[in-house]
Amino acid sequence: MLSVREVVAGSVASSGADTVFALMGAANQELVCDLEERCRMRLVHVRHEAGAVGMADGYARFSGRLGVATVTAGPGVTNTATSLAVARAHCSPVLLLAGDIPAGDVRNPQYFEQNSFTRLCAGAGGRVGHPGGLAGLLRSAADALSADLPFALHLPVDVQEKPAETLEAVSLREPADPGDAAEPAETEVAKAVQLLAAARRPVVLAGRGALAARDVLAELAQSLGAPLVTTLRAAGLFAGHPLEAGVAGAMGDGRALRLLESADLVVAAGTSLHPLAASPSGICQGSPVLVRIDAAPPLGAWVYGADLRADTRIGAGRLLRRLAARGSTGPAPSMLSGTFGSWAGRTEDRRTGTGVHPLDALEEVRGLLPEQRLLVIGGGHASLSACQLLPASAPRDFTCVSTDFGAIGQSLPVAIGACFARPGQRVFNVTADGELMMSIAEFHTAVRYRLPLTVVVLNDHGFGQERHNLTRAGRSTYHANHPTPDLVSFAQAMGATGYRVTHPDELVNLKQGFNHQQGVVLIDIHIDPSYLNPASAYVASAMSRRAQQ
């Protein structure tokens, strides 16, 4: 008869994951050993519990499989808070296996109501109070994880070793059943077809919920002569397609901004239309007709010309067939021609008072990145410019962690998780000094496992967004200035390779840093702290509009 611990460990091994990110303590020690020794899972030992969950999140983002982390009781759980909230915001299937103290052990210094805590952060979870409750909790975990949501399972040390009666290991993440996919209402399909046939400047906007609908959306756009635009979370979905027009909102290069401003109809597939994914004078303030395709109910006070409550592949396919049946064709894709206004301000004066202009640095980095690259973007203010200038090669090849929960300090663990998810491929983490210092302990984890990881630090010696906020408020920037230690010496002391760029003339030396095929590389680029990305004000405005909806 298997124990509770053995059923849990076996269920993890049966769920498509091959890696567990762990920080061991007394309350999860036997589970850690069981996962590796009996279940033959690969254990990655990290330096901080937040790093364990962050790496599991990165593993899930770049593999599409279940990400798994395990920590010990009490502070081991509380240390995971922000990383769990980030995984929840991104909709990552992350399973946290948390050791717990025995029930009623109120004199234990780690006594804490863990389940309530992680429910606030992850959104779902449960505590195995007795073996009889395990089956129901495993079903709940499977429901959450199969819906691409995190789940925290708490395992008291005494219950872990009790017999699980007749229970056997089960899979905790099942692929969606195509037969369960939602079908659109015929009345909404007919309404949408009429609107599409009449549109002269249509745009197709795809979000994360449309990742499986790439081909049919591209075919729909082709039939309409409509540009293909994505939200940031779907960046790279149409990479290489002749109608591809970048990322909408502040994190795009500007093409989608102009197109959405002039559109008379937007097909919004698999997106909630968060204001950050809309242009300032387009969807948010203008009045294009909206045709929505999404199985989930709409959010916010949007007015839709047609609302297809359906799986995006099915809904888009239905529209495509109906348009073809009535012989409807859209205009030629002339909307893609001409110039576009870039958030990155490519025509601006780039003279700097100190260091390298961040746009010059990022353009140099872009030229050195391989065509197909695994890219993790972090940082606060720096992430705006990085997303604008470093496009994704495919949705599973790219993520910007700073947009999830508005948190910094997360991109290095996510990048490390990406390395384990895509073995043999180099991962590029573009971050900032303030963010890197928040998770710098995990740099040694990357070195210890000899990962193919390049960390590019846009170093402005402080917190850029806060510095600009203080300046706008007429305050001293002293509180946002934090001189960064010698990162190159740090990298070398950890066993990595380090490079430093402090002047525009030194950008030509970046090529050497990008030539490494093995091991961890850190490239410290000292940028001008005075640069203010023009999209910064739009982000603040969009968030304000969101709060008012």
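To keep things clear, this report deals only with the structure shown in the data block. (Residues numbered from 1 in each chain as written. Predicted model: local features only at pLDDT ≥ 70, side-chain atom pairs only at ≥ 80, totals over all residues. Heavy atoms only, no water.)

This part takes up the overall build of the chain. When helices and strands are counted, the chain shows 21 helices and 18 strands. In summary, the chain has a C-alpha radius of gyration of 24 Å against a globular reference of 24 Å for 549 residues, a match within 12%. Counting only C-alpha atoms and orienting by the principal axes, one finds that the chain spans roughly 65 × 60 × 45 Å. Counting all 549 residues of the chain, 55% fall into the buried class. Pairs at least 24 residues apart make up 75% of the contacts formed inside the chain by residues separated by at least 6 positions. Summing over all exposed atoms, the chain offers an accessible surface of approximately 21800 Å²; the carbon and sulfur share of this is 52%. If you average the places of the 46 positive and of the 50 negative side-chain charges in the chain, the two averages end up 4 Å apart. (Helix = DSSP H or I, 4+ residues; strand = E, 2+ residues; numbered from the N terminus. Rg over C-alpha atoms; globule rule 2.2 N^0.38 Å. Buried < 20%, exposed > 50% of the residue type's maximum accessible area, 1.4 Å probe, protein only. Contact = heavy atoms within 4.5 Å. Areas by Shrake-Rupley, 256 points an atom, 1.4 Å probe, with all protein chains shown as cover. Lys, Arg positive; Asp, Glu negative; His and termini not counted. Charge placed at Lys NZ, Arg CZ, Asp CG, Glu CD.)

When you line up the elements, His241 lands in the loop between strand E8 (228-230) and strand E9 (244-247). A distance of 3.0 Å separates a polar side-chain atom of His241 from the backbone nitrogen of Leu243. What His241 contacts, discounting residues up to four positions off in sequence, is Arg214, Ala218, Gln222 and Leu228. (Polar contact = N/O pair within 3.5 Å; in protein donor to acceptor, adjacent residues only side chain to side chain.)

Okay, the packing of aromatic side chains next. The tally for this structure, following the rule as stated, stands at six aromatic pairs. Both rings, one in Phe112 and one in Phe117, keep their centres 5.5 Å apart while their planes meet at 65°; by these two values the pair is edge-to-face. Geometrically, the ring pair formed by Phe428 and Phe514 is stacked, given 5.8 Å between the ring centres and 15° between the ring planes. Of the two residues, Phe428 is situated in strand E15 (residues 427-432) and Phe514 in helix H20 (residues 510-514); the sequence distance between them amounts to 86 residues. Judged by its relative accessible area of 5%, Phe428 is buried. On the basis of relative accessible area, Phe514 is assigned to the buried category, the value being 9%. Counting every residue linked through ring pairs, the aromatic cluster contains Phe21, Tyr59, Phe420 and Tyr449. Against the face of Tyr304 rests Arg292, its NZ or CZ located 5.9 Å from the ring centre. (Phe/Tyr/Trp six-rings, centres within 6.5 Å; stacked < 30°, edge-to-face > 60°. Lys NZ or Arg CZ within 6 Å of the ring centre and 35° of its normal.)

All right, on to the layout of surface pockets then. Counted as a void, the second largest pocket has a volume near 420 Å³. Together, 28 residues line the second largest pocket, and Glu244, Gly246, Arg255, Pro391 and Ala392 are the ones closest to its centre. Within the residue set of the lining of the second largest pocket, elements represented by two or more residues are E9 and helix H14 (381-389). Here the residues of the lining of the second largest pocket sort into 14 nonpolar, seven polar and seven charged. (1 Å grid on protein atoms, 1.4 Å probe; cavity = no way out; pocket = protein on both sides within 12 Å on 5 of 7 lines; lining within 4 Å. Points joined across faces, edges and corners; volume = space filled by probe spheres on them. Nonpolar A, V, L, I, M, F, W, Y, C, P; charged D, E, K, R; others polar.)

A few words on helix H7 (residues 134-146). An ideal rise of 1.5 Å per residue puts 18 Å on 13 residues; H7 measures up with 18 Å between its terminal C-alpha atoms. Of the positions making up H7, those classed as buried are Leu134, Leu137, Leu138, Ala141, Ala142, Ala144 and Leu145. Buried residues of H7 fall within an arc of 165° about the axis and therefore sit on the same side. Residues of H7 that are exposed and point more than 90 degrees away from the buried face comprise Arg139 and Asp143. Buried residues in H7 make contact with helix H1 (4-13), strand E4 (94-100), strand E5 (125-127) and strand E6 (151-156). (Expected span 1.5 Å × (residues − 1). Arc of directions from axis to C-beta.)

Bringing the sheet that holds E4 into the picture now. Spatial strand order, E2-E1-E3-E4-E6-E5: six strands in an open sheet with parallel pairing. Two strands close off the open sheet at either side, each with one partner strand: strand E2 (42-45) and E5. Strand-to-strand, the axes of this sheet are offset by a mean angle of 20°, without reference to chain direction. Examined bridge by bridge, strand E1 (residues 19-22) and E2 share four bridges and lie parallel to one another. Pairing of Val20 across the sheet is with Leu43, part of E2. (Pairing = 2+ DSSP bridges. Axes fitted to C-alpha atoms, helices over the stretch in contact; angles between N-to-C directions.)

Its place among the elements puts Asp34 in helix H2 (residues 29-37). Taking the relative accessible area as the measure of exposure, Asp34 reaches 7% and is therefore buried. Side chain to side chain, Asp34 and Arg38 meet in a polar contact 2.7 Å long. What Asp34 contacts, discounting residues up to four positions off in sequence, is Arg5, Glu6, Ala9 and Cys39.

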